[in-house]
Amino acid sequence: QQQVKQSPQSLIVQKGGISIINCAYENTAFDYFPWYQQFPGKGPALLIAIRPDVSEKKEGRFTISFNKSAKQFSLHIMDSQPGDSATYFCAARRISGSARQLTFGSGTQLTVLP
Amino acid sequence: DAGITQSPRHKVTETGTPVTLRCHQTENHRYMYWYRQDPGHGLRLIHYSYGVKDTDKGEVSDGYSVSRSKTEDFLLTLESATSSQTSVYFCAITSGTLNTGELFFGEGSRLTVL
């Protein structure tokens, strides 16, 4: 069961454009929502993260928008660059006792054309 | 870079043979995870550990077992490999503190089951 739904599966953007990736979740027990970036042949690495008590977080060209009532969050990449070409995963964390589980979306392959 | 080493990085095996993947960390983090990555499915949790000899199942645990006899090592075993277990396997670690949920990933182990 996919608890975090991510779209689109792939995205092509021109250099300088805005890339937008969306995620939706069902479980209201999630308490932390990170985005990971993965380059070919490498493991994912944390890009930016947000907690549900905040509606927006910005770090450089990357912004997370969070809508708690709609159970949706999105990643915006401003002024997209060819070096941003990678696979992006949204994720959501659930804490239950000693357990710390991170559930990932299915990923978005971003290509930024020069 | 987080001190995570996965071995082997690449392995080709035949259906029905046992396979063990090893994850070694030098960060002394409490939590360790095994994920598999497949196109269209993102990263799916196989098993995780929240301490020495403390492990639990993830969403795709069938056909896999794990062991953690030391803080630094987390082993993933396929008792009898099948073609459906052809995948890229990632180990991840985290300290598990509530203030940050960042997972640090290894570089992956690519397994091909013929």
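Our subject in this report is the structure included herewith. (Residues numbered from 1 in each chain as written. Chains lettered and ligands numbered in written order. Predicted model: local features only at pLDDT ≥ 70, side-chain atom pairs only at ≥ 80, totals over all residues. Heavy atoms only, no water.)

## Concerning the overall build of chain A
Now for step 1: From N to C terminus, chain A includes zero helices and eleven strands.
Now for step 2: The linear arrangement of helices and strands in chain A, starting from the amino end, is β-β-β-β-β-β-β-β-β-β-β.
Now for step 3: The C-alpha atoms of chain A give a radius of gyration of 14 Å, which matches the 13 Å a tight globule of 114 residues would have.
Now for step 4: Dimensions along the principal axes, computed over C-alpha positions, put chain A at roughly 45 × 30 × 20 Å.
Now for step 5: With 114 residues in all, chain A has 44% of them scored as buried.
Now for step 6: For chain A, the proportion of contacts with a sequence separation of at least 24, taken over those separated by at least 6, is 53%.
Now for step 7: Just so you have it, chain A exposes about 5,400 Å², and 48% of that area is on carbon and sulfur atoms.
Now for step 8: The centroid of the 12 positive side-chain charges in chain A is displaced by 6 Å from the centroid of its 7 negative side-chain charges. (Helix = DSSP H or I, 4+ residues; strand = E, 2+ residues; numbered from the N terminus. Rg over C-alpha atoms; globule rule 2.2 N^0.38 Å. Buried < 20%, exposed > 50% of the residue type's maximum accessible area, 1.4 Å probe, protein only. Contact = heavy atoms within 4.5 Å. Areas by Shrake-Rupley, 256 points an atom, 1.4 Å probe, with all protein chains shown as cover. Lys, Arg positive; Asp, Glu negative; His and termini not counted. Charge placed at Lys NZ, Arg CZ, Asp CG, Glu CD.)

## Examining a nonpolar patch on the surface
Residue and element names in this part refer to chain A.
Now for step 1: Taken together, the side chains of Ile18, Ile20 and Met78 present a nonpolar region at the surface, about 240 Å² in accessible area.
Now for step 2: Residue placement: Ile18 occurs in the loop between β2 (10-14) and β3 (19-25).
Now for step 3: Looking at Ile18, the relative accessible area reads 46%, which means it is partly exposed. (Patch = residues over 30% accessible without salt bridge, like charges linked within 9 Å, V, L, I, M, F, W, Y side chains within 5 Å. Salt bridge = Lys/Arg side-chain N within 4 Å of Asp/Glu carboxyl O.)

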